[in-house]
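# Coordinate inspection notes
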Amino acid sequence: MLGRKGLILGAGVIVFLGLAALTDVIMSRNEAPAEPGKAQALDQGWSKELREKFYFTSQGSQLMPYAMLRALEQPLSDKPFLDPAHVAEMGFLPADGPSALNPDGLPIGFVKDPRPATGALGPMVGLTCAACHTADIEAKNGALIRIDGGASQGDYQLLMARLSKALDITLADPAKFQRFAARLVAMDPKTVRPALEALATEIRRLEAASWTPVPYGRGRLDAFGHILNAVAATAINEPANYRIPDAPVSYPFLWTTPWQRYVQWNGVAGNPLGRNLGEVLGVFGHADFANGNLAAASSTALGENLVALEAWVSGLKPPPWPEKVLGKVDAAKAKRGAELFKANCAGCHGGPDYRLTPAAETEGGRQWLAVSMVDVNTVKTDPKMAMNFITRYAKPGPFNLPPTAPRLPDGQVLAGSLLLAAVSTITENDLRARGITGDARKAAYGWRFAPGSNTPQSGWLLPPSYKAGPLAGVWATGPFLHNGSVPTIYDLLSPEEERPAVFYVGSKRFDAEKLGFVSSYDSIPEAERPRLSRFDTSLPGNSNRGHAFPTGAKLPPEDRTAIIEYLKVLEGPDVRH
């Protein structure tokens with residue numbers, strides 16, 4: 001195991017690494033040099049080929065016709081919408097260039113649907129997991145470091161606003177329209193304008209549906225708000241079920257998630273297949289409930305690819321601290337930090353002796369990382385995301401939920417229950433259509449079954465809680481808390497009243513002392529400031545309060561820095577399988 005702290009889940013064996021070996025861990029990590037001008041990939045267990053697969057394998061998201069996105073110009077320029085500089089302005093990562101899986105050099109996480117086109121417009125383009133779960137950080141010397149599975153700084157609302165504006169201006173500006181149409185060589189020129197008008201109408205709808213009184217800013221999205229709207233309002237044609245998606249959360253990091261009992265911030269999905277299908281529906285996937293004939297319900301999600309993506313992520317390791325570019329770790333301070341972490345943090349977050357779920361809970365004695373779900377009344381962080389989900393009701397449309405399901409007097413059911421029914425219907429129909437039954441079916445669900453049961457295990461619901469997951473690699477994932485309201489680990493370990501009330505998100509410049517991105521406006525170069533988003537913690541959904549541990553005490557600054565030093569080298573679980 002090369003000295004890694006962790007566990008072998010298949011065998012349930014826990015292996016420990018003593019504190020005295022911290023120095024060996026720090027010194028043993030390999031750091032391959034990056035090509036000039038490109039981000040350095042850390043050793044996270046992926047080959048270059050597997051990384052490319054994660055970036056550019058479609059999950060069934062369909063935003064717009066691929067040819068039209070490639071032909072589109074920026075709103076106020078004749079440069080391509082997909083110009084790398086423009087992509088970076090919106091917080092997404094340009095690709096290093098064309099590759100076998102990405103021959104047109106699309107941004108990371110943007111991909112052409114692989115299915116044959118059904119019309120003159122050709123195949124669609126959509127997003128993959130990588131668009132929101134891949135990040136770059138910048139060292140003091142300007143070197144870029146790639147964090148696979150990390151939290152993107154992508155600004156979803158800005159993407160939709162610019163896309164909508166670009167389409168509208170293309171319709172209004174004759175010269176712009178002519179350039180656009182000329183690039184669509186495979187289309188009949190007479191059909192271009194009607195097709196563009198229809199697309200602009202749909203993108204305007206999506207932009208309007210993403211409006212919130214408090215903008216998300218960089219690196220946040222109300223994923224459940226969008227998923228519930230896509231299913232409960234759009235797919236079943238119940239406009240009254242629409243709600244403003246106003247509880248954005250940070251994009252969570254992905255390493256170790258396939259091995260965790262609960263994954264999302266509120267833990268509501270009980271199995272990976274349903275979790276990932278719901279995610280596709282929230283980012284331009286489409287569900288069709290066949291006018292109430294649920295036996296024929298389907299979606300654009302690619303179930304086989306979702307299973308493959310989950311398998312790839314299961315081998316993703318936490319990013320090791322790159323000493324050559326971010327600085328050496330103080331081994332003595334890290335050793336003291338390990339003791340403080342064990343006393344103050346491990347009770348909820350686990351590690352290094354990671355806890356497992358009981359073998360009796362899951363078929364075949366399979367065990368998962370026992371993730372703590374902490375009641376919002378205990379952690380006291382912003383409750384909006386958790387409460388939005390459990391208090392939202394919706395008209396059930398074609399779904400007949402069990403009589404025991406909670407209902408309002410007018411027949412509305414919990415929107416979360418409706419979502420579970422919809423996702424379960426689509427997944428089961430897809431598996432059946434592909435002839436996947438028995439153990440193959442259970443494997444597709446990640447083996448999340450109680451012994452003797454054919455129904456996948458449930459996720460977390462009550463009391464409303466937030467996940468306290470493993471923290472290996474957390475150093476690379478700021479801002480912190482579920483809503484991204486605290487810029488650095490040092491600030492999070494500080495008393496609530498000392499945390500910044502206002503800060504700025506969007507810089508990739510890394511603060512290796514406090515662990516997080518540089519977030520003070522005056523500390524960010526003037527050229528970078530236009531792409532920043534201002535984070536005001538006084539606004540609804542943005543509270544930076546809570547997570548004030550240890551309860552009733554304050555960590556002195558030297559203890560905070562010791563824990564920070566330890567978090568740079570905290571080992572994740574070994575999840576060989």
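Residues numbered from 1 in each chain as written. Predicted model: local features only at pLDDT ≥ 70, side-chain atom pairs only at ≥ 80, totals over all residues. Heavy atoms only, no water.

## What to know about the pairing of strand β17 (residues 502-505)
Burial along β17 is one-sided: F503 and V505 are buried, and none of V502 and Y504, which face the opposite way, are. Note that β17 and strand β20 (residues 533-536) share four bridges and pair antiparallel. From the neighbouring strand, Y504 faces β20, where its bridge partner is R534. (Buried < 20%, exposed > 50% of the residue type's maximum accessible area, 1.4 Å probe, protein only. Helix = DSSP H or I, 4+ residues; strand = E, 2+ residues; numbered from the N terminus. Pairing = 2+ DSSP bridges.)

## Observations concerning the pattern of salt bridges
Under the defined criterion, the tally for this structure stands at 22 salt bridges. For the salt bridge of R204 with D168, the shortest nitrogen-to-oxygen distance reads 2.9 Å. Of this pair, R204 sits in helix α8 (residues 189-209) while D168 is found in helix α6 (residues 156-172), placing the two residues 36 residues apart along the sequence. By relative accessible area, R204 is classed as partly exposed at 36%. Its relative accessible area of 27% is what places D168 among the partly exposed residues. K554 is paired through a salt bridge with E497; the nearest N and O atoms lie 3.1 Å apart. Placement of K554 in the loop between β20 and α20 (557-567) and of E497 in the loop between α19 (489-493) and β17 is noted, with a sequence separation of 57 residues between them. (Salt bridge = Lys/Arg side-chain N within 4 Å of Asp/Glu carboxyl O.)

## Details of the nonpolar core
One finds F54, I147, F289, L326, W475 and L567 to be the most contacted residues of the largest nonpolar core, which totals 106 residues. Those residues within four positions of I147 in sequence are excluded, and the remaining contacts are L42, Q44, T134, A135, I137, W255, P319, W475 and A476. In this structure, L106, Y156, L199 and L221 belong to the second largest nonpolar core, which totals 43 residues. (Core = buried A, V, L, I, M, F, W, Y, C linked by side-chain atoms within 4.5 Å. Contact = heavy atoms within 4.5 Å.)

## Brief notes about the packing of α6 against helix α7 (residues 174-183)
Running from N to C, α6 and α7 cross one another at 105 degrees; their axes reach a closest spacing of 5 Å. Considering their axes alone, α6 and α7 lie roughly perpendicular with respect to each other. Where α6 abuts α7, its residues I169, T170 and A172 lie against P174, K176, F177 and F180. Its residues placed into classes, the contact of α6 with α7 shows five nonpolar, one polar and one charged. (Axes fitted to C-alpha atoms, helices over the stretch in contact; angles between N-to-C directions. Parallel < 35°, antiparallel > 145°, perpendicular 65-115°, else oblique. Nonpolar A, V, L, I, M, F, W, Y, C, P; charged D, E, K, R; others polar.)

## Details of the packing of helix α9 (residues 223-235) against helix α17 (residues 415-433)
Contact pair α9 / α17: the axes reach a minimum separation of 10 Å and the direction vectors enclose 65 degrees. One finds that α9 runs roughly perpendicular with respect to α17. Where α9 crosses over α17, the two elements pack in a sense that is left-handed. Contacts between α9 and α17 involve F224, I227, L228, V231 and A232 from the former and A415, G416, L418, L419 and A422 from the latter. Partitioned by chemical class, the residues of the contact of α9 with α17 number nine nonpolar, one polar and no charged. (Left-handed = near helix turned anticlockwise from the far one by under 90°.)

## Some remarks on empty space enclosed by the protein
Under the definition given, this model contains seven cavities of 30 Å³ or more. In the lining of the largest cavity, the residues fall into six nonpolar, five polar and one charged. Of the pockets and cavities examined, the second largest cavity occupies roughly 60 Å³. In terms of lining, the second largest cavity is formed by Q153, P479, P487, F503, Y504, V505, G506, S507, F517, V518 and S519. The leading source of residues in the lining of the second largest cavity is β17, at three residues. Residues of the lining of the second largest cavity, tallied by class, amount to seven nonpolar, four polar and no charged. (1 Å grid on protein atoms, 1.4 Å probe; cavity = no way out; pocket = protein on both sides within 12 Å on 5 of 7 lines; lining within 4 Å. Points joined across faces, edges and corners; volume = space filled by probe spheres on them.)

## Overview of the sheet that holds strand β7 (residues 134-138)
Taken together, the three strands give an open sheet; going across it, the order is β3-β8-β7, and neighbouring strands pair in mixed fashion. Among the strands making up the open sheet, the edge pair consists of β3 (40-41) and β7. In this structure, β7 lies alongside strand β8 (residues 144-148), joined through five bridges in antiparallel fashion. In the strand pairing of β8, E138 is matched with L144. Each of β3, β7 and β8 is contacted by helix α2 (residues 48-56), which is oriented at about 70 degrees to β8, the strand it contacts most.

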